[in-house]
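Structural overview
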Amino acid sequence: MKTAVEKLNPTLAKIQVDVPFEEFKPFLNKTYKELAEQIQMPGFRKGKIPNQLIEQRVGYDFVVENALNEGLNGFYQQALTENELTPLAQPEVDVQKKPEQNDREADVSVAIEVVVRPEVELPDYEGLKVEVDAAEVTPEDEQKALDELRGRFGTLINVERPAAQDDFVTLDLNALIGEEEVDAANDLSYQVGAGTMLDGLDEAITGLSAGEDATFETTLAGGEHSGEAATVKVKVTAVKERELPEVDDEFAQLASEFDTIDELKEDLKKQAAQSKIAEQGNAARDKVLDKLVELVEVPVPEKVVEDQIEQHFNNPNAEADHDSEEHRAEVRENTERAFRNEVILDAVADKEEVGVEQSELIDYIISMSSQYGMDPNQFAQMLDSSGQAGMMVGEVRRSKALAAVLEKAEVVDTEGNAVDLSSYIKPQGEGETVEAEKDVEGADEA
């Protein structure tokens, strides 16, 4: 087999594949054999039907088409490997020449157009300079950490007063569109100000005492009426406030491994400092990536963008107002941005010879499974069964590539001080690496 590649543009390649008849013949023979097993003819045992009779039944062109379908994927994959091309979408195939009834030993010629990953030229990213906010831990930060810890050990008590910010309330809700009740729920628990239910709810219930109700207009979120305007009646059936434990040695012993409240406060101060460094690190990563994107020109194939947009809006779970011109523009922008990020970070990973370790895959699985509320083993099996093992390795590899760029960057805060992110940047290990094809379940069991 011979292949030749013509780059029609930076993201579109035309692959010419020429297969001698002798290399194509085994696929013809296999097709005849499979058809002989499927076709039943009086006087012939299963699998023993002569090729000539098979052709009389289905036609010679049908045999050739099936043989081409059998062989094309292998020819295509071989051509991609020989020419070091990474396809990004389904190819378009034009069969230019194939065996015919009057030329049964003709060679096969196929032209394949395929969207491919563009090649990019990386700049010298050594010493990229980015600025982040200063990370001074204030007394307010320390108090917030202490209050959050107290909140975890607090108790809810009923109060006889109007609901206020951060109170916990029990609600009954009825939603109407016109005169029709479209939704109802009782005994819902909600924290005032959380903003996790309906727009307008916080304003409606603030100031209500137990037994009082209010009506407000909103746009429904979720369900078959998602996106529709509705009138909602809300009744507060209980108001509770969180009673926090006293800040003393007894609380320190209850909430931590420390014996005194002073020791606990000192540890919370350290945690607040680490949290600030993490915030700086996250901001620096984003800004370093922004600079890379500014410095590298990445052509984005329109087909990849269109495919992603169609996949997004053809989701059967899409909301009623899901598809709009503004939303499509947003999805397009996000898709183009994500594509540029991926191409650039893959190029950095290649340059830095970034590998992915078994332990890093396991950390990724555990982290992602917790976000989806799934058992790590089940999440790993889901990725494996859906063919996303390569995606998982790619995500980890790109994350490490960005960390490598950040490690070489010059990070300063808004006061001009150098920022040490060595505790934030996870160093690359030296353990066994895995390839994209590595079985996810095997990685999880390692």
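Bear in mind that the values here come from a model prediction, so they are computed numbers and not experimental data. (Residues numbered from 1 in each chain as written. Predicted model: local features only at pLDDT ≥ 70, side-chain atom pairs only at ≥ 80, totals over all residues. Heavy atoms only, no water.)

**A look at the overall build of the protein chain**
Helices and strands together make up the secondary structure of the protein chain, namely 13 helices and 11 strands. For the protein chain, the C-alpha radius of gyration of 31 Å lies well beyond 22 Å, the compact-globule estimate for 446 residues. Projected onto its principal axes, the C-alpha coordinates of the protein chain cover approximately 95 × 65 × 45 Å. The buried share of the protein chain, reckoned over its 446 residues, is 36%. Counting only contacts in the protein chain whose residues sit at least 6 apart along the sequence, the fraction spanning at least 24 positions is 67%. Of the roughly 26300 Å² of accessible surface on the protein chain, 43% is carried by carbon and sulfur atoms. (Helix = DSSP H or I, 4+ residues; strand = E, 2+ residues; numbered from the N terminus. Rg over C-alpha atoms; globule rule 2.2 N^0.38 Å. Buried < 20%, exposed > 50% of the residue type's maximum accessible area, 1.4 Å probe, protein only. Contact = heavy atoms within 4.5 Å. Areas by Shrake-Rupley, 256 points an atom, 1.4 Å probe, with all protein chains shown as cover.)

**A short note on helix H3 (residues 60-82)**
The end-to-end C-alpha distance of H3, which contains 23 residues, comes to 32 Å, matching closely the 33 Å that a straight helix rising 1.5 Å per residue would cover. The sharpest bend along H3 reaches about 35 degrees and sits at Gly71. Among all positions of H3, only Tyr60, Val63, Val64, Ala67, Leu68, Gly71, Leu72, Phe75, Tyr76, Ala79 and Leu80 are buried. On its buried face, H3 is in contact with strand S1 (2-9), strand S2 (12-19), helix H1 (21-38), helix H2 (51-58), strand S3 (92-97) and strand S4 (108-115). (Expected span 1.5 Å × (residues − 1). Bend = angle between axes of the 7 residues up to and from the residue.)

**Some remarks on the sheet that holds S1**
Within the open sheet, the four strands sit side by side as S1-S2-S4-S3. Their pairing is antiparallel. At either end of the open sheet lies a strand with only one pairing partner, and these are S1 and S3. Strand-to-strand twist in this sheet, taken as the mean axis angle between neighbours without regard to direction, amounts to 20 degrees. By the bridge criterion, seven bridges tie S1 to S2 in an arrangement that is antiparallel. From the neighbouring strand, Thr3 faces S2, where its bridge partner is Val17. Seen against the sheet, H3 touches S1, S2, S3 and S4 and runs at an angle of roughly 120 degrees to S2. (Pairing = 2+ DSSP bridges. Axes fitted to C-alpha atoms, helices over the stretch in contact; angles between N-to-C directions.)

**Examining the confidence of the model for the protein chain**
Chain-level statistics for the protein chain give a pLDDT mean of 87 and a share of 93% at 70 or above. This stretch, residues 427-446, has a pLDDT under 50; its non-local contacts, to residues over four places away or in other chains, come to 40 contacts. (pLDDT = per-residue confidence, 0-100.)

**Some details on the pattern of salt bridges**
Under the defined criterion, the tally for this structure stands at 21 salt bridges. Of the charged contacts in the structure, one is a salt bridge between Arg328 and Glu310, with a shortest N-O distance of 3.3 Å. Placement of Arg328 in helix H9 (residues 325-352) and of Glu310 in helix H8 (residues 302-313) is noted, with a sequence separation of 18 residues between them. The exposure class assigned to Arg328 is partly exposed, which follows from its relative accessible area of 26%. Here Glu360 ties to Lys400 by a salt bridge, and the two come within 3.0 Å at their closest N and O atoms. Of the two residues, Glu360 is situated in helix H10 (residues 358-371) and Lys400 in helix H12 (residues 389-408); the sequence distance between them amounts to 40 residues. One exposure class covers both Glu360 and Lys400, and it is buried. The network of salt bridges with shared partners includes Arg117, Glu342, Asp346, Glu395 and Arg398. (Salt bridge = Lys/Arg side-chain N within 4 Å of Asp/Glu carboxyl O.)

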